[in-house]
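Listed below are the residues making up each chain.
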Amino acid sequence: MFVAQKIEAGDKAGFYRELLAQAGGLLQGERDAIANAANLSALIHDAVPDLNWTGFYFLKTPSELVLGPFQGKVACVRIPVGKGVCGGAVAKGRSLLVPDVHAFPGHIACDSASRSELVVPLIRDGAVFGVLDLDSPLPGRFTNEDQQGFEALAALYVAASDPWG
Ligand code: SME
């Protein structure tokens, strides 16, 4: 049975190194994409400070994201590609770091407490098939180091999980 360890690292690079190592242990031996998304969102939400929403959306058709496993308040279920921060990250095929969601045109407010957001696309064989979405109640919560850390976690998730659908 996996037991999450409290992360003691003082700097962000060390924090994400430890979190990535724990995520590797958590997903080891299991390749189910939904189970891994559920457990990874729980690990992240517990370990990373100042998050109010952590979760996954998956492309069920080429034009629409559908809500996957998450931690936090209930969320909007369907997001068209190109809409909001999540749909924007899919359309652009890269991470979107939004320091102030109120200043992002088209931001979709699921939890009114959210003030900043980071969305990382899930990419397999060059194709985006979903996103990892992080929301914070603090403005400017996410830095480039956070983005690199979550991109590494997203890559681990993709490598550790079988395609589905
Ligand atoms: N804010 C997102 C919608 C998803 S929720 O944050 C969970 C967006 O603008 O795409």
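Because the structure is a prediction, the values reported are computed rather than measured.

About the cut-offs
- Residues numbered from 1 in each chain as written.
- Predicted model: local features only at pLDDT ≥ 70, side-chain atom pairs only at ≥ 80, totals over all residues.
- Heavy atoms only, no water.
- Near = heavy atom within 4 Å.
- Polar contact = N/O pair within 3.5 Å; in protein donor to acceptor, adjacent residues only side chain to side chain.
- Areas by Shrake-Rupley, 256 points an atom, 1.4 Å probe, with all protein chains shown as cover.
- Helix = DSSP H or I, 4+ residues; strand = E, 2+ residues; numbered from the N terminus.
- Nonpolar A, V, L, I, M, F, W, Y, C, P; charged D, E, K, R; others polar.
- Pairing = 2+ DSSP bridges.
- Phe/Tyr/Trp six-rings, centres within 6.5 Å; stacked < 30°, edge-to-face > 60°.
- Buried < 20%, exposed > 50% of the residue type's maximum accessible area, 1.4 Å probe, protein only.

**Student:** Would you take a moment to explain the site of the ligand for this structure?
**Tutor:** Residues in close proximity to the ligand total 13 residues, the closest being Val85, Cys86, Ile108, Glu117 and Asp135. Ile108 places a polar main-chain atom, nitrogen or oxygen, 2.7 Å from a nitrogen atom of the ligand. When the free accessible area of the ligand is taken as 300 Å², the share hidden by the protein chains comes to 100%. Of all the elements in the fold, those that place two or more residues in the shell around the ligand are β1 (53-61), α3 (84-92) and β6 (127-136). Broken down by element, the residue count for the shell around the ligand peaks at three residues, all from α3. Of the residues that constitute the shell around the ligand, the class distribution is eight nonpolar, two polar and three charged.

**Student:** What's the story with the pairing of strand β2 (residues 64-72) in this structure? I'm lost.
**Tutor:** For a regular strand, the rule is simple: side chains alternate between the two faces of the sheet. Looking at chain direction, β1 and β2 are connected through seven bridges and run antiparallel. Bridge pairing in β2 links Gly55 to Phe70. As paired strands, β2 and strand β3 (residues 78-80) are joined by three bridges and run antiparallel to one another. By the bridge assignment, Glu64 is partnered in β3 with Pro80. Here β2 folds back onto β3, and the loop between the two strands holds five residues.

**Student:** Please clarify how the packing of aromatic side chains should be interpreted in this entry.
**Tutor:** When we look at a pair of aromatic rings, we describe it by the centre distance and by the angle of the planes. Scanning the entire structure with this criterion turns up seven aromatic pairs. Aromatic side chains Phe56 and Tyr157 sit 4.9 Å apart centroid to centroid with 45 degrees between the ring planes, which places their arrangement in the tilted category. One end of the pair, Phe56, is in strand β1; the other, Tyr157, is in helix α4 (residues 144-160), and 101 residues separate them in sequence. Judged by relative accessible area, Phe56 falls into the buried class, the value being 0%. We classify Tyr157 as buried; its relative accessible area is 1%.

Spatial relationships are all this shows, so hold off on functional conclusions.
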